[in-house]
Amino acid sequence: FGLAANKASGPILIVVTAAAKAALALAAWLVILGGMGAAERLIRGPSRVVTYLVDSAYWVYLVHLPVALIMAALLREWSAPGLVKMVAVIALVMAVVLTIYEGARGVLGRRR
């Protein structure tokens, strides 16, 4: 997996790797665009939940990483499967971050 593996990889492996990366990039864009199209079709009118999540999105973006690291460290010794741990960390991080957001919103007031 070091430099020796890269030198011995050959041109076929380079082409296959480039094709795989291009396919993954295309798939990511198709999922993003498909999700946007589905949201545009399915979300017809204003929704309180969607409005709340949109308003809190930047806060969640700014604060989630340290909270996620702390939660992952706290659950490190838990002997559950990795997928269960991941779902638990995501749920706990969202709960903590949105609770802090709600508290900050209550102290700072709402937008006009």
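The structure under discussion appears in the preceding block.
Residues numbered from 1 in each chain as written. Predicted model: local features only at pLDDT ≥ 70, side-chain atom pairs only at ≥ 80, totals over all residues. Heavy atoms only, no water.

Asks: Even after reading the chapter, I still don't get the side chain of S56, so can you show me in this structure?
Replies: Tracing the chain through its elements places S56 in helix α3 (residues 48-74). Under the relative-accessibility criterion, S56 is labelled buried at 1%. In this structure, S56 is in contact with L98 and Y101, ignoring residues within four places of it in sequence. (Helix = DSSP H or I, 4+ residues; strand = E, 2+ residues; numbered from the N terminus. Buried < 20%, exposed > 50% of the residue type's maximum accessible area, 1.4 Å probe, protein only. Contact = heavy atoms within 4.5 Å.)

Asks: It is not clear to me how the pattern of salt bridges should be interpreted in this structure. Could you clarify?
Replies: Should their charged atoms come close, side chains of opposite charge can pair. What the rule picks out here adds up to 2 salt bridges. Here E77 and R76 are joined by a salt bridge, their closest N and O atoms 3.5 Å apart. On the accessibility criterion, E77 (66% relative accessible area) is exposed. A residue is classified by how much of its surface remains accessible, and R76, at 57% relative accessible area, is exposed. Salt-bridge contacts for R105 lead to E102; the nearest nitrogen and oxygen are separated by 3.7 Å. With a gap of 3 residues between them, R105 and E102 both fall in helix α4 (residues 82-108), about one helical turn apart. (Salt bridge = Lys/Arg side-chain N within 4 Å of Asp/Glu carboxyl O.)

Asks: What's the story with the packing of α3 against α4 in this structure? I'm lost.
Replies: Two quantities define a packed helix pair, namely the angle between the axes and the distance from one axis to the other. Relative to each other, α3 and α4 sit at 125°, their axes nearing to 8 Å. By the angle between their axes, α3 is oblique relative to α4. Considering how the two elements wind past one another, α3 and α4 form a crossing that is right-handed. Of the residues in α4, those touching α3 at Y52, L53, D55, S56, W59, V60, V63, H64, V67, A68, M71 and A72 are V89, L92, V93, M94, V96, V97, L98, I100, Y101, E102 and R105. Of the residues in the contact of α3 with α4, the class split is 18 nonpolar, 2 polar and 3 charged. (Axes fitted to C-alpha atoms, helices over the stretch in contact; angles between N-to-C directions. Parallel < 35°, antiparallel > 145°, perpendicular 65-115°, else oblique. Left-handed = near helix turned anticlockwise from the far one by under 90°. Nonpolar A, V, L, I, M, F, W, Y, C, P; charged D, E, K, R; others polar.)

Asks: Whenever I open this one, the nonpolar core confuses me. Can you help?
Replies: Burial of nonpolar side chains together is a common tendency in soluble globular proteins. In this structure, V60, V63, V67, A68, M71, L75, A88, V89, V93, V97 and L98 together form the largest nonpolar core, which totals 11 residues. Non-local contacts of V93, meaning those with residues more than four positions away in its chain, are made with H64, V67, A68 and M71. (Core = buried A, V, L, I, M, F, W, Y, C linked by side-chain atoms within 4.5 Å.)

Asks: Is there a simple way to explain a nonpolar patch on the surface in this structure?
Replies: A contiguous nonpolar surface patch, about 650 Å² in accessible area, is contributed by V49, L53, L83, M86, V87, I90 and M94. Where the nonpolar patch is concerned, the elements lending two or more residues are α3 and α4. Its place among the elements puts V49 in helix α3. (Patch = residues over 30% accessible without salt bridge, like charges linked within 9 Å, V, L, I, M, F, W, Y side chains within 5 Å. Areas by Shrake-Rupley, 256 points an atom, 1.4 Å probe, with all protein chains shown as cover.)

Asks: Looking at this model, I keep getting lost on the packing of aromatic side chains. Mind explaining?
Replies: Each pair of aromatic rings is reported with the distance of its centres and the angle of its planes. In this structure the tally under the stated criterion is 2 aromatic pairs. A centroid spacing of 5.7 Å and a plane angle of 70° characterise the contact between Y52 and Y101, whose relative ring orientation is edge-to-face. You can see Y52 sitting in helix α3 and its partner Y101 sitting in helix α4, a full 49 residues away along the chain. (Phe/Tyr/Trp six-rings, centres within 6.5 Å; stacked < 30°, edge-to-face > 60°.)

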